[in-house]
Amino acid sequence: MVKLNLEELLLKNGRSRYWLVTQLESNYTVINRMIHGETTAISFSTIEKLLRLFNCRIDELFVDDGKKASR
């Protein structure tokens, strides 16, 4: 299953979840769902923001955890 690599990117960049919440103008529930792979959809604008915030490539933002997605 493909998921966001946010926890590693936060650690790598020395940033907190609070920082991410404020940068995305979001809330902890949404950010925690993104970090824990519980998000079912993400907008292109959010993907673009995350790429800019972490100064990373798309293949660094998304990872495959090796699990099959449940239907």
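Before reading on, note that the structure itself is shown above.
The structure displayed is predicted, hence computed values, not measured ones.

**Considerations on the overall build of the protein chain**
Reasoning step 1: If you tally the helices and strands in the protein chain, you get 5 helices and 2 strands.
Reasoning step 2: Counted from the first residue to the last, the protein chain has its helices and strands arranged as β-α-α-α-α-α-β.
Reasoning step 3: Based on the C-alpha atoms only, the size of the protein chain along its principal axes is roughly 35 × 25 × 20 Å.
Reasoning step 4: The buried share among the 71 residues of the protein chain stands at 25%.

**Describing the packing of helix 2 (residues 17–24) against helix 3 (residues 28–35)**
Reasoning step 1: In the contact formed by helix 2 and helix 3, the axes pass within 10 Å of each other and the chain directions differ by 115 degrees. On the basis of their axis angle, the class for helix 2 and helix 3 is roughly perpendicular. As for how helix 2 packs across helix 3, the hand of that crossing is right-handed. Along the contact surface, helix 2 presents R17, Y18, L20, V21 and L24, while helix 3 presents Y28, I31, N32, M34 and I35.

**Thoughts on unusual backbone geometry**
Reasoning step 1: Phi at E25 is positive, roughly 50 degrees, even though this residue is not glycine.
Reasoning step 2: Relative to the helices and strands, E25 resides in the loop between helix 2 and helix 3.
Reasoning step 3: Within the chain, N55 stands out as a residue other than glycine whose phi angle is a positive 50 degrees.
Reasoning step 4: Tracing the sequence through the fold places N55 in the loop between helix 4 (44–54) and helix 5 (58–61).
Reasoning step 5: Judged by relative accessible area, which is 72%, N55 ranks as exposed.

**Considerations on helix 4**
Reasoning step 1: The set of residues buried in helix 4 consists of I47, L50, L51 and F54. In an axial view of helix 4, the angular spread of the buried residues amounts to 100 degrees, which keeps them on one side of the axis.
Reasoning step 2: Where helix 4 is buried, its residues contact strand 1 (2–4), helix 1 (6–12), helix 2, helix 3, helix 5 and strand 2 (62–64).
Reasoning step 3: With its phi angle positive at about 50 degrees, N55 sits one or two positions after the end of helix 4.

Criteria and cut-off values
Residues numbered from 1 in each chain as written. Predicted model: local features only at pLDDT ≥ 70, side-chain atom pairs only at ≥ 80, totals over all residues. Heavy atoms only, no water. Helix = DSSP H or I, 4+ residues; strand = E, 2+ residues; numbered from the N terminus. Buried < 20%, exposed > 50% of the residue type's maximum accessible area, 1.4 Å probe, protein only. Axes fitted to C-alpha atoms, helices over the stretch in contact; angles between N-to-C directions. Parallel < 35°, antiparallel > 145°, perpendicular 65-115°, else oblique. Left-handed = near helix turned anticlockwise from the far one by under 90°. Contact = heavy atoms within 4.5 Å. Arc of directions from axis to C-beta.

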